[in-house]
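# Residue-level structural notes
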Amino acid sequence: MKFFGLTIAAAVATMTAQGVSAQELNKKVASDEYVRNSVCLMMMEDASVPQKDVLREAFLNAEWNPKYNDQNIETSLRVIDPTAYTLTADDEAAFNLACTPTEQYLNILETGGTAPKQTYYNETMNQILRQLMATQTQTVDTVIKLNVARLANKYLLENHVAKRLADGWFLGPDGQYTDSTVLERGMLNVSADESEVAAATEAGSHYLMRQIDLSELVGNTFVVVTRFGYKAKDALVADIMLPMYAAAEFDSSGYGKMALKVAEMGVKAGLGAGYYVTVDSYLFRLRWNDAIAERFNELWVNETGAFNMDAYNASDLFSLQFIGNERAWAKTKAGVFTDKSEDELIRLAAADAVDGVLAKFERKYDEFKTKTPLIVHETTDKKGRPTRTYAARIGTRDGLEGGEVFEVLEKKIVMKDSVERVSYVKKGELTVDKKNVWDNSYSTEAGAPSEEAKTGETLLVGKSKDAYYEGLLLRMKTKKK
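Residues numbered from 1 in each chain as written. Predicted model: local features only at pLDDT ≥ 70, side-chain atom pairs only at ≥ 80, totals over all residues. Heavy atoms only, no water.

### With respect to the overall build of the protein
For the protein, the helix and strand inventory stands at 18 helices and 13 strands. The 481 residues of the protein split such that 48% are buried. Relative to all contacts within the protein whose residues are 6 or more apart in sequence, the contacts with residues 24 or more apart total 78%. Of the roughly 23900 Å² of accessible surface on the protein, 51% is carried by carbon and sulfur atoms. (Helix = DSSP H or I, 4+ residues; strand = E, 2+ residues; numbered from the N terminus. Buried < 20%, exposed > 50% of the residue type's maximum accessible area, 1.4 Å probe, protein only. Contact = heavy atoms within 4.5 Å. Areas by Shrake-Rupley, 256 points an atom, 1.4 Å probe, with all protein chains shown as cover.)

This is how it looks when you write it as structure tokens:
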């Protein structure tokens, strides 16, 4: 398999060479900028939502979360007007195809088969929700609530968003093929000392080339389509409770009504008075596997070694897979002591809500889990004996509350189907210390965090047979259902 034309050895030749052996390599410091996911953020606008203009401005101008690569497409295409689209049977079939795993998806394309119908929403629940909605004012929210994922998929298809995401990887500002983006981001996934090894020896350059795996770069490109809301506490409670109200329709016993009342009281207790920015977000992933990579390789002209731009632009290589959806919200009222305007508070809450839903995606979907470098501090205990403490530069903005479990991973090169691949071997686990979670949220009740608050760490605790060392990576462990 080609290495997609990347000239990494030449790129690192200009780096400062230092003598580091391959044996020492894995015990060196990993880059603080280790990034895995590349994300394009889009929003579905609703003209009926209060403060919609403020929410739109907040969305388009929010500070980018440094945990992700910025894969945004043109601003003019990042805001979707759902009223401009009508869903058809063909759109339903397209959504069914978008929901299928990539291997099955490619097989359907080759054989001309039909994707299985998706039960994305339970059909019985759909009927009950429609009945409940029939008594409400028919806004865009109630009309598209059950179909927003399908509408989003239709928009992404019609505007060739998958191809635009690929362009962000493979094309330069002049619209011609370039290695620069893959190389730049690939280097972020390589530790500083790996780069030094590459500059020092020919073998090191080969080692570095193997560290950059397109399946981890292009294959971890995502689109998040978000619908914003701005609601008072009681409206948010009703929205949260809607599925429970629907379920209670099946239960005529007093127990069901009692459980519903208890649940409603619990939701109300968990929310403070005031207004909330809500987000309902839908996650799509750019498809990339060996079969797609092989077809991408064929875009080079064998006789000249040049990239065939015409074939690339005419290809149907790129598509998006629907992964799932999540909801989050953030309070906008900061209390009587704030000097922030309502618009400012909405902007801060909107950014917090988006961060919150991204953190939920990471908790729920393995596909979206990021890796972050482990930090090791050499210290001494109360008796003066040498010891180590472990930390990471992630915190509340990344959804941490304390008690989360992270797998500790070591990067390895393995052979798979006669091809060298990057693999991650689990070395053990560490748990977030509930008393030492870094508050790195985008905003606080007083406003945006100070510069000092932007630098910090979350403490991790746990034991291992072999001492953990810097250069290892952390990935949140999925909770068992």
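Here the narrative resumes, following the displayed structure.
### Quick notes on the environment of A353
With respect to the helices and strands, A353 occurs in helix 18 (residues 342-364). Each C-alpha atom, one on A353 and one on F228, is 9.3 Å from the other, the two residues being 125 residues apart in sequence. Contact partners of A353, with chain neighbours within four places excluded, come to V277, V279, A328, W329 and A330.

### Brief notes about the nonpolar core
One finds F170, V223, F296, Y312 and F318 to be the most contacted residues of the largest nonpolar core, which totals 48 residues. Here F170 is in contact with Q176, Y177, T178, V182, V218, W288, F296, Y312 and F318, once residues within four sequence places are set aside. Residues V54, F228, A353 and F368 belong to the second largest nonpolar core, which totals 30 residues. (Core = buried A, V, L, I, M, F, W, Y, C linked by side-chain atoms within 4.5 Å.)

### Side note on the packing of helix 3 (residues 52-61) against helix 18
Relative orientation of the contacting elements helix 3 and helix 18 amounts to 50°, with a least axis distance of 9 Å. Considered as vectors, helix 3 and helix 18 are oriented oblique to each other. Relative to helix 18, helix 3 is oriented so that their crossing is right-handed. Judged by residue contacts, V54, L55, E57 and A58 of helix 3 engage D343, I346, R347 and A350 from helix 18. Of the residues assigned to the contact of helix 3 with helix 18, the class counts are five nonpolar, no polar and three charged. (Axes fitted to C-alpha atoms, helices over the stretch in contact; angles between N-to-C directions. Parallel < 35°, antiparallel > 145°, perpendicular 65-115°, else oblique. Left-handed = near helix turned anticlockwise from the far one by under 90°. Nonpolar A, V, L, I, M, F, W, Y, C, P; charged D, E, K, R; others polar.)

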